[in-house]
Every structure is written in C-alpha cells, then in structure tokens.
Amino acid sequence: MRRANLTILKKGLILVSVPLLFQLVFIGVLVWVQRASWLLAGGTAVSFACAFCLALVFTRGISGRLATLTDNARRLAQGQELAPAMSGSDEITHLDRVFHEMAAELARSVAALRDQTTILQSVLDSIGDGVVVADEHGKFLLFNPAAEQILGIGRTDAPPEEWTQQYGVYLPDQVTPYPAAELPLTRAIRGEAVDGVEQFIRHAKMPDGVWLNVSGRPLKDKDGRARGGVVVFSDYTSRKRAEQEIRKLNDGLEQRVAERTADLAEANRELVQKNRENEMFVYSVSHDLRSPLVNLQGFSKELGLVGQDLRAMFADVGLPEPVQRRGLGLVDGEMAESIRFIQAAVQRLSDIIDALLRLSRAGRVEFRCQQVPVNGVVARVVESMRSTIAERGAAVTVADLPPAWGDPTAVEQVFANLVGNALNYLDPDRPGVIEIGSDNAAATAAPDGQNALQTYYVRDNGLGIPEPYRPKVFQAFQRLHPGRAKGEGIGLAMVRRTVERHGGRIWFESTEGSGSTFFVALPVAPGNGSREGCGPNGSPLKQRREGHVNGSAGHPAGRG
Amino acid sequence: MSTEALGILLAEDDEGHANLIQRNLKRAGIANEVFHVKDGQEALDYIRRRGPHAGRVPDKPLLLLLDINMPRVDGVEVLRQVRADGGLANIPVIMLTTTDDPREVQRCYELGCSVYITKPIAYEDFIEAVKRLGLFLAIVQVPAEHT
C-alpha cells in the first residue's frame, strides 16, 4: 500500500515536474537567445519553486484519497469494514459516498441471502425425506443427511449408470436390479416428472433392505434449459411391512374363513346324513314295531271270534244251567273286557306308529315344487271343513292370498293343519272367528339376501296357548287338549318339518283366553341349488339357523 | 268239494302273520291249498322246483302272497325274478306287508305285482283281492266257518 502511494506520488511529481522542466529549459533558451536580465531569471526560478511546491501539495491530496478508495474496494471484496466516509464535496468524496452506499446495499443482500441459505440448509438437514440433487451430468450437487441415512450410503462420484449397483437399487420384486435408465433421478435429469415410484434398496450395509417411495422433478434454469434433477424419497419400509403383514393376515383370514366354511359344510353334510339316519331309524323302528302289532291285532281279533264261538257253545242248550251261566259270564264279561282293552291299546299303539311313520315320511317325501295358488289351496281346505265349521258355528274369513313356491300337497297339508287346529281349539263360550290372511310387508323382507318369503297367518279367537306349553307346541306327541280332538299330537311337528323343508319359517303369537295366530312364511320363488326340500335354503343347517321355529321368544304373545 | 285248481304260495317269515292269513283265508271260504314258506329263497325254490322242492309235482297254477321284509331274499326280489322269468310272468302276485311307503308301493306295482296290501290287514279287503285274482282261476268256495 505504501508502495502504491509512493508510485502515485512519483507519478504526480513527474506530472508536475516535467512541464516545469520544459518551462525552465524554455526560459534558459530565452535568456541565452535574448540575453534577458538576471532579474527575469531570478523571478522565473522563484515561480518555478513555487509551482513545484504547489504541485507537490496538490498531488499529495488527490493520491491519498484515491488510495483510500482503492483500499475500500479491497475491504469490500474481503468483507471487511470500510474506512470512514470522506468529508468534502469534490468528485472523489462523491465517489466515496456512492461506494459506501453500494457497500451497505451489498451487505444487506448478502445477509439476506445467507439467512435464506441457512434456512434452506437447516430444512434439508432436518427433514426426514431424502433429497438428492444432481446436475445435468449426474454429479451430485446436494445429498441431504436423510438421503444418506435412508440409503445407507452417502454422496459418491459414481456416474448415473452405476447408481443402481452403487446404492443397491432393486425393482419391487426385490431381486431384479433397477434399470439404470429408469432410475427416478436419471429420468428427472432427462426432463421427466416422476411420482410415487417404488424401489427396494439392499446392499451390504443394509442386508434387510428398505423400501423407498421416490418422486423426481427436472431442474431447469430461467431459460427453461435442463440443468439436472432432484429426487425426494421416503423410507416406507414399516408401512410396506405392515401392508405385507395385513395381506398375510388377510390371506390367513380367507384361509380360515374357507376352512370354517368347509367345516360348516361338513357339519351340514353330517347333519343331513344324521337327519336321514334318524328318519330311517324312526321308519324302521316303526315297521319293526308294526310287525308284532299285526299279531296282537290279528290274534286279539281271533280271540274275539273264539269268544263268539264259545258264547255260541255256552248258549247251546244242554249244558247245566250254572255252567252255562258261569261260561257266558266269563265270555261276555272278563274275556270280552280283556279283549277290548287289548284291542284299544293295540289301536292306540298302531295310531302312534302310523303317526311316527307319517312324521318320518314328512321329512323324506320328495317335494315337487311349483307356483302354488294359495288362494285355491286355502279355499279347498276351508271347503273340506265346511261341516265342522258349521257344527262349531265358526266364521271363517279368507283374505286374498298371494301365491307361494312349494309342493302343492304339502302346502295344503300345512294350511289344513293350521285351520283344523284353529277350529278344534275354539272357545265354546264365544262365537268362533278364524281369519286367514297374508302379511304383504313381510314379502319384501328377505333375510340375509335369501329369497323373499311371503308370510301367511291363521288367526283364531280360541282358547289360546298357555305360557308353559308354548315351547312344546311344535314338538311331536304333545297335546294340549287331548279330549277336544282326535290325533296323536304330531300335526304341528309335521307342519314345522314341512315348512322348514320348504325353506320357510313358522311361529306363533298367542294369548291364553283370547286366541292364537300362527304365521307361516313360504318362499315366493324357487331357491338356488336346493337339494332337500324346495326352499331357498338348500341345507337343513341353514334352515335350522334362519328358519328357526320360535314359539314365544321374539314374538311377544298377545295381540292386544 | 271240487278240485283245488289254484295253489297259494305264502312267503312270510312271521309265523303269527302266516297263521292269521291262513285263518282268514279259510274263514272267508277259500279252501285252496296254502303252502307256507319262510323266506323268498324258499319261495323261489318252490316255484322253480329246486333245492328242497326239487321233487314237487306242478299239479296246479300258483298265486303268490309275498311279504316284503324277509330274510335271505325279500319279497320284492321274488316278484322281480318271477316277472323276469318268461314262464312265470303271469303268476298273480299279492304283496302283503307292513310297509305303506308310497315309493315301496310304487316300486312293487312297477315290478308288476297284482295287488299291494298293507298290514295290519283289513282282512276283508285282503280276502276280496284274493278272490278277485282267483276268480278266473277257479277258486273253490267252501262254507265260511265264521261270518
């Protein structure tokens, strides 16, 4: 700096002294040519000296401030504080002031830039997502800590075509190396936007591997030229693992559901089989019982005939009167009575066995299902009971009944049974009223997406069913009023069996002393794949579950 | 009495049933000879004159009364074999059984039984059927022992 000052000083001196020298030489020439006076020479010398001093002082003032300016420029470049502003009003001072203003402006810009950079840097350092920026040649410009942490390997000088191998990048199948040209960063550098690409990363440092979700964008300069690319990626290994776990669980669940379904189907088959066996058992036992019964029946009849012969013998004249009387007494009395008891018991036994056979047949007989005009069926049933209805003085009303899908004979038996029961158990103390109708609202309500059922009802104002008896209503050989009507008490058991085999339901509401309503729900259309019966539910298991007969629970007794 | 033109072969494993049937036939005035066998196999042997019946002399036409449930060979099988045998196809056959299963009844009629009667026997119906079948086979009427 001092040297520079000296140089300027020297230059200033030269600038001043060279013209003076020329002036001196010029004056000397004048003196020599014109032989001027020494006075003139002396004056010239004085003025020369003055001029020299003046030049010296002037030169020194300018060059000093210029040096300050120069120094300030250097300080500015090095980020140091500038020298204090100069005072004065000449051009150099003005220049110095402008220079100071510029420096202040620059300092503000630099500070702002530094702040921004700091923010960006801390953002990049602190976010969990990996951010990698590369220039158009594939040289990494930025590689944030998260990127290094996620990838397990930081910034390298590897060219793009080696990235796959360098960072252990695989396709989602976890075994195929990722095609280098398809890497998101490579594509971004090519100018493509990439979103949500799934990658698997595995290398020596991360033998278990991690899953990445990568998005990329090209970097462009202000003129739109591609200058590289940026990718952002996150580690979603835990989510991926959770997904895999869920999928595994789902698969397991499906497997379990399939197994359970198979179990149920098996149980169902067993039930069907068991049911069939039960019915076969009832059937064969009934027949086995029938065979000895035929003997009891036949030989008791024979005994009766023998009794008649004996009676004829004793009635024959010629026997002593006491013998005749005693003989006739035995034949007509004890013997006849015994035979009557035997025959009554045999008849009862025979009826029970017949009922059992009918019951077992209700479960075995094949239904021939078709559209059943329930209107016509019920009309026939009512007509066939015309005399009983008249006898009991009952009023029977039949509403318009929609058709059902079933075996016409079986459906007729169901209604015959229900109407017959209603008639049999009317209350003798009041005029009997029996209504047969249908519940149209129930037709649309198909349980579990099964075929729709149409609900019919038979309502009476009869004796009603006492609470304790309700659970037994549909059981075989249960009779509430044994004296009131003939029968073995299997009617409702058969009705239930028939309705269930149709895939329907039967239940009732009853209030003791004011009457009962029996509801029968029958399918309105053919079921799917029904083998047993002809209802919508092919399997007895389903029938049992969905067509469960419910006497009292769920169907509040009483109709108000 | 006239010649007994029709023989009745009764195949019945239950002694009591066989006894009752024979009593009722007799009581109804059917005096035809009744030959009782204990099962279907013996019935077939009798019809074809084989085994224990090899020496039987076929002196009259037969009417079969077959129980269905019998040991060895059941009544339905006897019916089937008889109907399948050209020489025997015209023999009248009455199935007599405790089974009133409609399918069983239908099967018997399909196999060609003449009458199917369910036990316990309404003997009046039974007698009527036997008589009707035997009418053209010259059933010999005898006075009834009982009305």
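Please read all numbers here as calculations on a predicted model, not as lab measurements. (Residues numbered from 1 in each chain as written. Chains lettered and ligands numbered in written order. Predicted model: local features only at pLDDT ≥ 70, side-chain atom pairs only at ≥ 80, totals over all residues. Heavy atoms only, no water.)

Some words on the overall build of chain B
Scanning chain B from N- to C-terminus turns up five helices and five strands. The linear arrangement of helices and strands in chain B, starting from the amino end, is β-α-β-α-β-α-β-α-β-α. For chain B, the residues scored as buried account for 52% of the 147 residues in total. (Helix = DSSP H or I, 4+ residues; strand = E, 2+ residues; numbered from the N terminus. Buried < 20%, exposed > 50% of the residue type's maximum accessible area, 1.4 Å probe, protein only.)

Some remarks on the overall build of chain A
Along its length, chain A carries 14 helices and 13 strands. Here chain A holds 560 residues, and the buried ones make up 38% of them. Within chain A, counting contacts between residues at least 6 apart in sequence, those at least 24 apart form 63% of the total. Total accessible area on chain A stands at roughly 32,200 Å², and carbon and sulfur atoms take up 59% of it. (Contact = heavy atoms within 4.5 Å. Areas by Shrake-Rupley, 256 points an atom, 1.4 Å probe, with all protein chains shown as cover.)

Re the pairing of strand 6 (residues 226-235) of chain A
Remember that side chains alternate between the two faces of the sheet whenever the strand is regular. Residues and elements named next belong to chain A. As paired strands, strand 1 (residues 130-135) and strand 6 are joined by six bridges and run antiparallel to one another. Each bridged residue has a counterpart across the sheet, and for Ala134 the counterpart in strand 6 is Gly229. The pairing of strand 5 (residues 206-220) with strand 6 spans nine bridges and is antiparallel. Counted as the bridge partner of Gly216 is Val231 from strand 6. Counted along the chain from strand 5 to the antiparallel partner strand 6, the turn is five residues long, and its residue Gly224 has a positive phi close to 85 degrees. (Pairing = 2+ DSSP bridges.)

Digging into the sheet that holds strand 10 (residues 433-439) of chain A
Residues and elements named next belong to chain A. Pairing in this open sheet of five strands is mixed, and the strands run 8-10-11-13-12 from one edge to the other. With one partner strand each, in any of the chains shown, strand 8 (395-398) and strand 12 (505-511) form the two edges of the open sheet. Going across the sheet, the axis of each strand differs from the next one's by a mean of 15 degrees, ignoring polarity. In this sheet, strand 13 (residues 515-523) lies alongside strand 11 (residues 453-460) in antiparallel orientation, the contact comprising seven bridges. Bridged to Tyr456 within strand 13 is Val520. Contacts from helix 9 (residues 374-384) reach strand 8, strand 10 and strand 11, with the element oriented near 170 degrees to strand 8. Where helix 11 (residues 408-424) meets the sheet, its contacts fall on strand 10, strand 11, strand 12 and strand 13, and the angle it forms with strand 11 comes to roughly 25 degrees. (Axes fitted to C-alpha atoms, helices over the stretch in contact; angles between N-to-C directions.)

Examining the packing of helix 11 of chain A against helix 13 (residues 491-501) of chain A
Residue and element names in this part refer to chain A. Two numbers describe how helix 11 lies on helix 13: the axes approach to 10 Å, and their chain directions differ by 145 degrees. Note on packing geometry: the crossing formed by helix 11 with helix 13 is left-handed. Between helix 11 and helix 13, the contacting residues are Ala410, Val414, Asn417, Leu418 and Asn421 on the first element and Gly491, Leu492, Val495, Thr498 and Val499 on the second. Looking at the contact of helix 11 with helix 13 residue by residue, the class counts come to six nonpolar, four polar and no charged. (Left-handed = near helix turned anticlockwise from the far one by under 90°. Nonpolar A, V, L, I, M, F, W, Y, C, P; charged D, E, K, R; others polar.)

Some details on the environment of Val175 of chain A
All names here are of chain A. Locating Val175 in the fold gives a position in the loop between strand 3 (169-170) and helix 6 (184-190). In this structure Val175 comes out as exposed when scored by relative accessible area, which is 58%. Distance from Val175 to Arg202, taken between C-alpha atoms, is 9.5 Å for residues 27 residues apart in sequence.

Remarks on the interface of chain B and chain A
Tallying the contact residues gives 20 residues for chain B and 17 residues for chain A. In total, about 1,700 Å² of surface goes out of reach between chain B and chain A, with carbon and sulfur atoms giving 49% of it. Remark: the boundary between chain B and chain A carries one salt bridge. The shortest N-O distance in the salt bridge between Glu302 of chain A and Arg23 of chain B comes to 3.0 Å. For the pair chain B and chain A, the number of links is four residue pairs in polar contact (both at pLDDT 80 or more). If you list the elements that add at least two residues to the side of chain B that touches chain A, you get helix 1 (15-27), helix 4 (102-111) and helix 5 (123-134) of chain B. Element by element, the count of residues in the side of chain B that touches chain A is highest for helix 1 of chain B, at seven residues. (Buried area = accessible area lost by both parts, 1.4 Å probe. Salt bridge = Lys/Arg side-chain N within 4 Å of Asp/Glu carboxyl O. Polar contact = N/O pair within 3.5 Å; in protein donor to acceptor, adjacent residues only side chain to side chain.)

A word on the packing of aromatic side chains
Describing an aromatic ring pair means giving the distance of the ring centres and the angle of the ring planes. This structure, assessed with the given rule, holds 13 aromatic pairs over all chains. Relative to Trp211 of chain A, the ring of Phe200 of chain A has its centre 4.8 Å away and its plane inclined at 50 degrees; by these criteria the two rings are tilted. You can see Phe200 of chain A sitting in strand 4 (residues 194-203) and its partner Trp211 of chain A sitting in strand 5, a full eleven residues away along the chain. Across the pair, Trp211 of chain A and Phe200 of chain A agree in class, each one buried. Their ring planes at 20 degrees and their centres at 4.7 Å tell us that Phe35 of chain B and Tyr46 of chain B sit as a pair that is stacked. On the criterion of sequence distance, the pair formed by Phe35 of chain B in strand 2 (residues 34-37) and Tyr46 of chain B in helix 2 (residues 40-48) is long-range, its members being eleven residues apart. (Phe/Tyr/Trp six-rings, centres within 6.5 Å; stacked < 30°, edge-to-face > 60°.)

Brief notes about the pattern of salt bridges
Residues and elements named next belong to chain A. For the structure shown, the criterion picks out 26 salt bridges over all chains. With its nearest N and O atoms 3.1 Å apart, the salt bridge here joins Glu192 to Arg190. Salt-bridge contacts for Glu467 lead to Arg470; the nearest nitrogen and oxygen are separated by 2.8 Å. Where salt bridges share partners, they join Glu136, Asp221, Asp223, Arg225 and Arg227 into one cluster.

Side note on the pairing of strand 13 of chain A
Residues and elements named next belong to chain A. With respect to burial, strand 13 is a largely interior element, nine of its nine residues being buried. Across the two faces of strand 13 the burial is the same, with Gly515, Thr517, Phe519, Ala521 and Pro523 and Ser516, Phe518, Val520 and Leu522 all buried. Counted between consecutive antiparallel strands, the loop separating strand 12 from strand 13 contains three residues, among which Gly513 sits at a positive phi close to 95 degrees.

Here's the deal with the confidence of the model for chain B
Residues and elements named next belong to chain B. In the predicted model, chain B carries a mean pLDDT of 79, and 84% of its residues have values of at least 70. Element-level mean pLDDT values for chain B span from 70 in helix 5 up to 92 in strand 2. In the predicted assembly, ipTM is 0.75 and pTM is 0.46. (pLDDT = per-residue confidence, 0-100.)

Overview of the confidence of the model for chain A
All names here are of chain A. A residue-level look at chain A finds 85% of positions with pLDDT of 70 or above and a mean pLDDT of 81. Below a pLDDT of 50 lies the segment residues 1-6, which in the model reaches two contacts outside its immediate sequence neighbourhood of four places, other chains included. This stretch, residues 535-560, has a pLDDT under 50; its non-local contacts, to residues over four places away or in other chains, come to 77 contacts.

Some details on helix 9 of chain A
Within helix 9 of chain A, burial applies to Val374, Val377, Val378, Val381 and Val382 of chain A. Angularly, the buried residues of helix 9 of chain A cover 130 degrees about the axis, an arc narrow enough to put them on a single face. (Arc of directions from axis to C-beta.)

A closer look at helix 5 (residues 160-167) of chain A
Residue and element names in this part refer to chain A. Those residues of helix 5 that fall on the buried side of the exposure criterion are Pro160, Trp163, Thr164 and Tyr167. End-on, the buried residues of helix 5 take up no more than an arc of 105 degrees, which puts them together on one face. Facing away from the buried side of helix 5 by more than 90 degrees, the exposed set consists of Glu161 and Gln165. Here the buried face of helix 5 lies against strand 1, strand 2 (140-143), helix 4 (145-151), strand 3, helix 6 and strand 4.

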